[in-house]
Amino acid sequence: MDTNEDSLDGVHASGDSAGLLRVSFDGVRRIQEIHFRRRRKIARKKAHDRRVARRLLDREGRRERHRVRQRLHRVSKGLVRFATEARAAIVLEELTLHGAGGRSRRMNRRLSSWPRREIHRQIEYKAALEGVPVIKVNPAWTSKTCPVCGARRRDRVGKVFVRLLCDWEMDRQINAGLNILKTALASNEALARAVRFQPGALRRDVVSPLYDLSALPTGAREEPSGVESQTGVIPSPEP
Ligand SMILES: [Zn+2]
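Note that the coordinates shown come from a computational prediction; the quantities given were computed from them, not determined experimentally. (Residues numbered from 1 in each chain as written. Predicted model: local features only at pLDDT ≥ 70, side-chain atom pairs only at ≥ 80, totals over all residues. Heavy atoms only, no water.)

The number of helices and strands found in the chain is 6 helices and 8 strands. Along its sequence from the N terminus, the chain presents helices and strands in the succession β-β-β-α-α-β-α-α-β-β-β-α-α-β. The burial tally for the chain puts 39% of its 239 residues in the buried class. In the chain, of all internal contacts separated by at least 6 residues, the share reaching a separation of at least 24 is 66%. Only carbon and sulfur atoms are counted for the fraction: they give 50% of the accessible area of the chain, which is about 14300 Å². (Helix = DSSP H or I, 4+ residues; strand = E, 2+ residues; numbered from the N terminus. Buried < 20%, exposed > 50% of the residue type's maximum accessible area, 1.4 Å probe, protein only. Contact = heavy atoms within 4.5 Å. Areas by Shrake-Rupley, 256 points an atom, 1.4 Å probe, with all protein chains shown as cover.)

Below, the structure written as structure tokens:
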């Protein structure tokens, strides 16, 4: 899976079969946008009092991280459960501090890359508890390579990766996920014995979401739209 701002994107593969897969982060990006606007407003309104501004901004930051973390816990739980039931390994890219290639500098400033690192952290410790292997691969070129023939593009890749010579057209993020699996298969013999992956066969495949996450019995309720009610404190159980 390729890790993006609002989803993990890629493929699930077993033996000779494979299917495109997207694991949505359940609205995390929207939460980030809402809090980004709020922080900007606070900074503007409290420009005359930096100490008050700092305190309010810190509180907004804590609320945002708390909300994002809750959503990501549902996502990582769903993915690890899926991998446990399928007796599968999870392949992710090694995250660099600069983020995967192609993301604009403006976007890097706007939306922090923290959720991407956080989802990896959660997947890794939950997978370890369940005995699900997590394989990390070098992300170099994953978004710029044609998974069918291995050709690399040096120009900018848009929302869709296209290579006419291979009759290949694929969502850029999913495309990166396919290359991540190919990289893992090239370097991991045990994995290569279990999976024979033919990306070309996925030409007309539709992307399926991992789960309808709302259908998962998680116990974590959807928080009300006003985050004001969020205290960020987990109540301790009654004795
Ligand atoms: Zn190609």
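Let's shift gears to helix α1 (residues 28-45). A rise of 1.5 Å per residue sets the reference length of α1, with its 18 residues, at 26 Å; its end C-alpha atoms lie 26 Å apart and thus fit the reference within 8%. Buried within α1 are the following residues: V28, I31, Q32, I34, H35 and I42. Summarising the axial view, the buried residues of α1 lie within an arc of 160°, below the 170-degree limit, and thus occupy one face. When the buried face of α1 is taken as reference, the exposed residues oriented beyond 90 degrees from it are R30 and R44. Against α2 (50-85) and α4 (114-130) lie the buried residues of α1. (Expected span 1.5 Å × (residues − 1). Arc of directions from axis to C-beta.)

Here we come to the side chain of T142. Assignment of secondary structure puts T142 in the loop between β5 (134-137) and β6 (160-163). When its relative accessible area of 6% is taken as the criterion, T142 is described as buried. Of note is the side chain of T142, whose polar atom sits 2.7 Å from the backbone oxygen of P139. If we ignore the near neighbours within four places in the chain, the residues touching T142 are N175, A176, N179 and I180. (Polar contact = N/O pair within 3.5 Å; in protein donor to acceptor, adjacent residues only side chain to side chain.)

Here the focus is the coordination of the zinc ion. Summarising the metal site, the zinc ion is bound by the protein donors C146 (SG), C149 (SG) and C166 (SG), whose distances to it range over 2.1 to 2.2 Å. When the donor residues of the zinc ion are listed from N- to C-terminus, their spacing reads C-x2-C-x16-C. Of this pair, C146 sits in the loop between β5 and β6 while C166 sits in the loop between β6 and β7 (168-171); the two residues are 20 residues apart in sequence, bridging distant segments of the chain. The class of C166 is buried, set by a relative accessible area of 12%. (Donors = N, O, S within 2.8 Å, 3.2 Å for Na, K, Ca; no water.)

Across 4 bridges, β6 lies against β7 in antiparallel orientation. Looking at the pairing, R163 lines up with W168 of β7. Taking the residues that link successive antiparallel strands as the turn, the β6-β7 hairpin has 4 residues, and the phi of D167 there is positive, at about 50°. (Pairing = 2+ DSSP bridges.)

Turning our eyes to something else, we now look at the pattern of salt bridges. Enumeration according to the criterion identifies 18 salt bridges in this entry. Linked by salt bridges that have partners in common, E5, R29 and E33 make up one network. (Salt bridge = Lys/Arg side-chain N within 4 Å of Asp/Glu carboxyl O.)

Think of a pair of aromatic rings as described by two things: how far the centres are apart, and how the planes are tilted against each other in angle. Evaluated as defined, the whole model comprises 0 aromatic pairs. Above the face of the F161 ring, R153 is positioned so that its terminal group lies 5.4 Å from the ring centre. (Phe/Tyr/Trp six-rings, centres within 6.5 Å; stacked < 30°, edge-to-face > 60°. Lys NZ or Arg CZ within 6 Å of the ring centre and 35° of its normal.)

With that settled, the discussion passes to the confidence of the model for the chain. On average, residues of the chain score 84 in pLDDT, and 81% of them reach the 70 mark or higher. Across residues 213-239, where pLDDT falls below 50, the model places 29 contacts with residues more than four positions away in sequence or in other chains. (pLDDT = per-residue confidence, 0-100.)

We now examine the sheet that holds strand β2 (residues 7-14). If you trace the 4 strands from one edge of the open sheet to the other, you get β1-β2-β3-β8, paired in mixed fashion. Taken across any chain shown, the strands that pair with only one partner, and hence form the sheet edges, are β1 (2-3) and β8 (208-209). One ladder, built from 8 bridges, connects β2 with strand β3 (residues 17-24); its direction is antiparallel. Bridge pairing in β3 links A13 to A18. Lying over the sheet, helix α5 (residues 172-187) contacts β1, β2 and β3, oriented at roughly 45° with respect to β2. (Axes fitted to C-alpha atoms, helices over the stretch in contact; angles between N-to-C directions.)

For the pair α2 and α4, the least separation of the axes is 9 Å and the interaxial angle reads 40°. It follows from the interaxial angle that α2 and α4 lie oblique. The element α2 and its partner α4 pack so that their crossing is right-handed. Every residue of α4 that contacts α2 at R65, V68, R69, L72, H73, V75, S76, K77, L79, V80 and T84 is listed here: W114, P115, E118, I119, R121, Q122, I123, Y125, K126, A127 and E130. Residue composition of the contact of α2 with α4, grouped by class: 11 nonpolar, 4 polar and 7 charged. (Parallel < 35°, antiparallel > 145°, perpendicular 65-115°, else oblique. Left-handed = near helix turned anticlockwise from the far one by under 90°. Nonpolar A, V, L, I, M, F, W, Y, C, P; charged D, E, K, R; others polar.)

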